[in-house]
Amino acid sequence: AGFIKSPLSQKRLTQDSVELYCEAIGNPIPELQWWFEGNEPNETYAQLWDGARQDRVKINATYNLHSTSTIYIANLTSDDSGMYECRASNDPDRNHLSKSPKVKWIRSQANVFVIERPDVKGHVTEDSGKLILSCNMTSPYPAIEGHEWLHGDKILQKDSESNAYTSYTIEGKMEEHSGVYECVYKTSPVIKGEVYISVAPQVVAYKKSEHGNEGDTGVLTCKSPSFPPASSWVWYKNGQEVSAPIINGSGRYIIKSSGNKTELRILKLSIEEDTGDYHCNATNSYGSNGATVNLRVRSRLAALWPFLGIVAEVLVLVTIIFIYEKRRKPDEVLD
């Protein structure tokens, strides 16, 4: 027996992908093949291979106790619409060119409809301290049963309107709400658009003041949660030229940077050389901004001073008691 476990009818948009899964049971273990018949009247079934359609088709198969096979088609076009057929057979003559197999191929089918993707245009405008995000979908498009606005995994707004235009309003400035917002049209299949609130980096120091002990490693951190992420980060020390930044790997400096975070490590801290202000600066396609971190380096003995003070107080107290006891007149001996 053989069957396709995926839905027997699937709707997809152009540029999307589709995956079909087939399974067969038999003894001996049957072979699985994938075949396709297009919607054109003169098209007939043709076998599909891994790497077909300019390497957009990927087929994986396993033969262990029973047979399983998955076909994945990426970047769908309208030509990918049609009937996909999974065939299973364990007859020894199943692939013979002239001899007919005694056991016929068992077939299971799934129909895939690829619909032309409508164009969704997103815009963001500022008006009186508000940000208005909007999406507009060009026709033709499927029936709309509502909308959703998302920011990451968080649903910001939903409705059941059937308009091609939808909007979402945010109170505040662009710098406070930068990021990628998604407008979702409840259609079959679902259609999505994106709206970008893009600003220059808004850089903040993880701690405005950092402390480290002489000889230890100092760690200074800056972050920029803005969108788009920083394309480059630069560190330089107060008193040095901006054009002469700290170079990663030079001397005792190690710099680790990603899109929204940078970290400066200073090995074997020195009180004379490393104490002071450090500036981190982030740049993206909309500008650059920075923040300052103050580094204080303490002597290794700094932690001992409170203990030494207590020891000194104890010694003074013991000395005073000793002297007092020495000078005190001996008590009269009782008769």
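Residues numbered from 1 in each chain as written. Predicted model: local features only at pLDDT ≥ 70, side-chain atom pairs only at ≥ 80, totals over all residues. Heavy atoms only, no water.

Where an unreviewed UniProt entry is consulted, the protein chain appears under the name Basigin, with the organism given as Chionis minor.

On to the sheet that holds strand β10 (residues 120-127). One open sheet holds the three strands; their spatial order is β10-β11-β14, and the pairing between them is antiparallel. A strand with exactly one partner marks an edge of an open sheet, and here the two such strands are β10 and β14 (165-171). When the angles between neighbouring strand axes are averaged without regard to direction, this sheet yields 15 degrees. With seven bridges connecting them, strand β11 (residues 130-137) and β14 associate as antiparallel partners. Counterpart to Ser134 in the pairing with β14 is Ser167. (Pairing = 2+ DSSP bridges. Helix = DSSP H or I, 4+ residues; strand = E, 2+ residues; numbered from the N terminus. Axes fitted to C-alpha atoms, helices over the stretch in contact; angles between N-to-C directions.)

Right, let's get into the state of the cysteines. Within this structure, the stated rule accounts for three disulfides. A sulfur-sulfur distance of 2.0 Å marks the disulfide that ties Cys22 to Cys86. Across the S-S bond linking Cys22 and Cys86, the dihedral sits near -80 degrees, which makes this disulfide left-handed. Here Cys86 lies in strand β8 (residues 82-89) and Cys22 lies in strand β3 (residues 18-24), a separation of 64 residues in the sequence. The exposure class assigned to Cys22 is buried, which follows from its relative accessible area of 1%. (Disulfide = S-S within 2.5 Å. Buried < 20%, exposed > 50% of the residue type's maximum accessible area, 1.4 Å probe, protein only.)

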